[in-house]
Amino acid sequence: MVFKSLKKLNYQYEVTTGLYMLESWEKYIVNGVVCAGFALVTYTTINHLPSQGVSLLQQLSAYMA
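Predicted model, so just to flag it, every value in this text is computed and none were measured. (Residues numbered from 1 in each chain as written. Predicted model: local features only at pLDDT ≥ 70, side-chain atom pairs only at ≥ 80, totals over all residues. Heavy atoms only, no water.)

> What am I meant to see in the overall build of the protein here?
Along the protein, the regular secondary structure elements total 2 helices and 0 strands. Relative to the 2.2 N^0.38 estimate, which gives 11 Å for 65 residues, the radius of gyration of the protein is 20 Å and therefore markedly larger than a compact globule would have. Along the first, second and third principal axes, the C-alpha atoms of the protein reach 60 × 30 × 15 Å. Summed over all atoms, the accessible surface of the protein reaches about 6,000 Å², with 71% contributed by carbon and sulfur. (Helix = DSSP H or I, 4+ residues; strand = E, 2+ residues; numbered from the N terminus. Rg over C-alpha atoms; globule rule 2.2 N^0.38 Å. Areas by Shrake-Rupley, 256 points an atom, 1.4 Å probe, with all protein chains shown as cover.)

See below:
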């Protein structure tokens, strides 16, 4: 059951992004770029969002005072 749903999600991903018409080695490259981009966004969010949020709240409190 779980395998079928994962297979369906993979099929939807390939059809939506147009990967279904690429060869397997091309899919690996595209998926690697997508995964690297997702990893960079996740890293940046985890490391920089808290400090940016604190800075924003400090500026807002300074404007309100």
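> It is not clear to me how helix H2 (residues 24-64) should be interpreted in this structure. Could you clarify?
In an α-helix, one turn spans 3.6 residues; hence positions three or four apart end up facing the same way. Spanning 41 residues, H2 covers 57 Å between terminal C-alpha atoms, matching the ideal 60 Å at 1.5 Å per step. Bending of H2 peaks at approximately 40° at the position of His48, with proline Pro50 no more than four residues after it. (Expected span 1.5 Å × (residues − 1). Bend = angle between axes of the 7 residues up to and from the residue.)

> When you look at a nonpolar patch on the surface in this model, what are you seeing that I'm missing?
On the surface, a nonpolar cluster with roughly 500 Å² of combined accessible area is contributed by Met1, Val2, Leu6 and Leu9. Mapped onto the secondary structure, Met1 falls in the segment before helix H1 (2-17). What makes Met1 exposed here is its relative accessible area of 85%. (Patch = residues over 30% accessible without salt bridge, like charges linked within 9 Å, V, L, I, M, F, W, Y side chains within 5 Å. Salt bridge = Lys/Arg side-chain N within 4 Å of Asp/Glu carboxyl O. Buried < 20%, exposed > 50% of the residue type's maximum accessible area, 1.4 Å probe, protein only.)

> Mind showing me how you'd approach H1 here?
Over its 16 residues, H1 extends 23 Å from the first C-alpha to the last, a length consistent with the 22 Å expected when each residue adds 1.5 Å. Taken across its 16 residues, H1 has 1 buried, putting it largely on the surface. Once H1 ends, the next one or two residues include Gly18, with phi positive near 85°.

> Even after reading the chapter, I still don't get the pattern of salt bridges, so can you show me in this structure?
Side chains bearing opposite charge may pair, as long as their charged atoms lie close to each other. Tallied over the full model, the rule gives 1 salt bridge. Here Lys27 and Glu14 are joined by a salt bridge, their closest N and O atoms 3.4 Å apart. You can see Lys27 sitting in helix H2 and its partner Glu14 sitting in helix H1, a full 13 residues away along the chain. Residue Glu14 is classed as buried on the basis of its relative accessible area of 17%.

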